[in-house]
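Examining the three-dimensional arrangement
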Amino acid sequence: MVPRPHMKKARICVTLVSNLLTDDNEGQSPEIPLAVMRCASPGAVWDLVSAVVSAARDHASSDPQGPASSPLLAATFLHFLARWGPAYLCPDPARYDPHTSNFEVLHLWPSGSPAAAAAAAFCAHLAAAHLASYPLEDTVAGAAVHLLSSLARADGVRPPLAAASPLRRLAGLHVAAAAGPAVDADMGLEAGPPLPAAVSGYLRVGVRGRGGILAALCRTLADPASEPALARCVDAAAAALTTLACVPRGSADPRVTDQVLSCIELYRGMVAAGDMRGGMERVPAWITPALPQLAALMGPHAHDLSVCEGLLRLFRDYAEGFAALLNGEGCAILLEGSRELLRLYSAHHVGARAEAAGSIRGNVSSAEEVAAEEQAYDDVLCAMQLLIHLGTRNFLDTICMDGTKQVATTQVTDVIFFGLSQILPLMTEGLFQFPKLRFQYFCLLDTMTETYPAQCRALPPDLALALSSSLHFGMKHPDPDVGRAALRGAAALLRESFAGDPPDPQPLEDLTPHFLADVVFGGGGIVWDRLEAAADLALALVAADCDRVVRHVGNTVLGAGAGERARDGISKALEEMVRPELLEGALRPGFAGRMSRVKFRQNFVAFVKKAHSFLFIK
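What comes next is a walk through the structure. (Residues numbered from 1 in each chain as written. Predicted model: local features only at pLDDT ≥ 70, side-chain atom pairs only at ≥ 80, totals over all residues. Heavy atoms only, no water.)

**Overview of the packing of helix α1 (residues 7–21) against helix α4 (residues 71–88)**
Interaxial distance between α1 and α4 falls to 10 Å at its minimum, and their mutual angle equals 10°. By the criterion of interaxial angle, the relationship of α1 to α4 is roughly parallel. Between α1 and α4 lies a crossing of left-handed hand. Along its contact with α1, which presents Met7, Ala10, Arg11, Val14, Thr15, Val17, Ser18, Asn19 and Leu21, the element α4 presents Leu72, Leu73, Thr76, Phe77, Phe80, Arg83 and Tyr88. (Axes fitted to C-alpha atoms, helices over the stretch in contact; angles between N-to-C directions. Helix = DSSP H or I, 4+ residues; strand = E, 2+ residues; numbered from the N terminus. Parallel < 35°, antiparallel > 145°, perpendicular 65-115°, else oblique. Left-handed = near helix turned anticlockwise from the far one by under 90°. Contact = heavy atoms within 4.5 Å.)

**Description of the environment of Val549**
Tracing the backbone through its elements, the reader meets Val549 in helix α28 (residues 546–559). Between the alpha carbons of Val549 and Leu516 there is a distance of 8.6 Å; along the sequence they are 33 residues apart. Look past the residues within four positions of Val549 in its chain and what remains in contact with it is Thr512, Leu516, Leu541 and Val542.

**Topic: the pattern of salt bridges**
One pass over the full model with this rule turns up 23 salt bridges. In this structure, Asp155 engages Arg158 in a salt bridge whose closest nitrogen and oxygen atoms are separated by 3.2 Å. A residue is classified by how much of its surface remains accessible, and Arg158, at 9% relative accessible area, is buried. The salt bridge partner of Arg488 is Asp446, with a shortest N-O separation of 2.8 Å. Here the residue Arg488 occupies a position in helix α25 (residues 480–497), and Asp446 occupies one in helix α22 (residues 435–451), the gap between them amounting to 42 residues. (Salt bridge = Lys/Arg side-chain N within 4 Å of Asp/Glu carboxyl O. Buried < 20%, exposed > 50% of the residue type's maximum accessible area, 1.4 Å probe, protein only.)

**A closer look at the nonpolar core**
Phe515 and Phe604 are the most contacted members of the largest nonpolar core, which totals 208 residues. If sequence neighbours within four positions are ignored, Phe604 has contacts with Phe515, Val520, Leu531, Ala534, Ala535, Ala538 and Met577. (Core = buried A, V, L, I, M, F, W, Y, C linked by side-chain atoms within 4.5 Å.)

**Thoughts on the side chain of Ser18**
Relative to the assigned elements, Ser18 resides in helix α1. According to the relative accessible area criterion, Ser18 is buried, its value standing at 6%. The contacts of Ser18, once residues within four sequence positions are left out, are Phe80 and Arg83.

**Notes on the packing of aromatic side chains**
Tallied over the full model, the rule gives 13 aromatic pairs. Note on Phe417 and Tyr452: the rings are 5.8 Å apart at their centroids and 80° apart in plane angle, and the pair reads as edge-to-face. A residue pair is termed long-range when its members are at least 10 positions apart, and Phe417 in helix α21 (residues 409–426) and Tyr452 in the loop between α22 and α23 (453–457) qualify at 35 residues. Neither residue differs from the other here; Phe417 and Tyr452 are each classed as buried. By the ring-pair criterion, three or more aromatic residues cluster together here, those being Trp46, Phe80, Trp84, Tyr88 and Trp109. (Phe/Tyr/Trp six-rings, centres within 6.5 Å; stacked < 30°, edge-to-face > 60°.)

**Quick word on helix α27 (residues 531–544)**
Note: α-helices contain 3.6 residues per turn, so residues at a spacing of three or four share the same orientation. The end-to-end C-alpha separation of α27 is 20 Å, in line with the 20 Å expected for 14 residues at 1.5 Å each. Of all 14 residues that make up α27, 10 are buried, and the element is covered over most of its length. Inspection of α27 places Leu531, Ala533, Ala534, Ala535, Leu537, Ala538, Leu539, Ala540, Leu541 and Val542 among the buried residues, and these make up the whole buried set. (Expected span 1.5 Å × (residues − 1).)

Take a look at the structure:
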């Protein structure tokens, strides 16, 4: 038992052992570090790990309310096991060089050994024990989920972990918590029902924590031998959704709202488990049939922003991870559910969000304050990301060209541009100060203008003005990603405007002076980090009306007070860029057209260099 005065030292010691024995394997195949394989004594490794495990066991057995208990120390033990377990349990000798490695370390916890099975069971026991002991500590819940997920992703560790009694016990707790107290908590997952205290503790775990636990259970129980247990875990979430669908509309019981949020996070957990074995086939089979019921939850709870945000997150995550794998029918179900979500979100919250966004005066200074205030607009961020995924050309082609022929193109564009019409008024100067919102907004504009330029040109006048103002703002923004997205969007809209009959000259009159003054000849050299996108817009401007561009260049150069030598040099570079035969070739399709566009970009770069050398380099 670690006395309270020494808990900080204990955390430091556990972290030191973790860094000594393991590498940070996030995003990589976990392996024992080469230095340990070469130099470490197997006995020393065993003793170090045994000391940490013994301390973790003693800490888990202490009273959570007592002086010897600490959630930070509990999270430290869980993080140690999450780094150590995937590398040392059931290692694959084929991954190590026999000439430079001490294979005795690999034989400490080999595959199929009682030591490996006991270690996997202890990891599951510690995760479940701390979840029950510290249900309100998000740090502990995140560490427990991370531990189970890390072990489940290791192919050698997954079978003994899935067979461990504590893991099956945790699955039983999940089933009991998802189904409610009226349902038999055992359901055959583990002999004997879960203890009431354990169920009570698990029920107090935050809703996001329970979603992460279900994701970890799905990854762990994905092997054929554990298929019945996996099915019961998923069925428990489906039963919870069915139960909520029967709740009378207008119920003001806060417990119902908590159950709705819990159910949403359980389905988000299933979506997050897409990296499980067979997840690309299993997850759509679980989620797609449930989308209508999930969207229906919005009806009685549309006034609650937390429910709206949770559903937007769920549909966003599912569209991001699985829209490319769905057939036409699945895409149609996703589109219809998204339509209902966006309609109710607009009716109940967009007006209030616009009013709140308009009250922001840009007085947020530190990065921490910006991040904290930006988090209050996560619902807007999720709505934009959902529209981006629904607006991709791949989604449109799948939903409209599938053999079922259930959805017309106009139905897709109606949903997308309804959402865009709600987002455009929201993005005021106040929200543009938030990096994530600003970036996703211009990603949305980039997707919409590239994929649906005709519909963007047909927006009502007030929305068209908001779109044009956003593009002008983005072109000169210091963030290069924002600038490139805005330039690409402006080029797509310009090409569409002059493809009509008759062509619309208004965009040209608005864009040409903004583009030349703010981007090409703008101070600070912002054009250099967005040259390719700027060249594409320059090509569209020159192809639409070359004389107008030449005239504006002349006015800009003269207005800058350039001398005769400067004007002559810039004029020669401009003449080379706007040669008629080059412009004609750049507008052609096929390989010849691509080569001409590459040549135009090269000439545009030469023109910008020449202009800047005369105007800014003294």
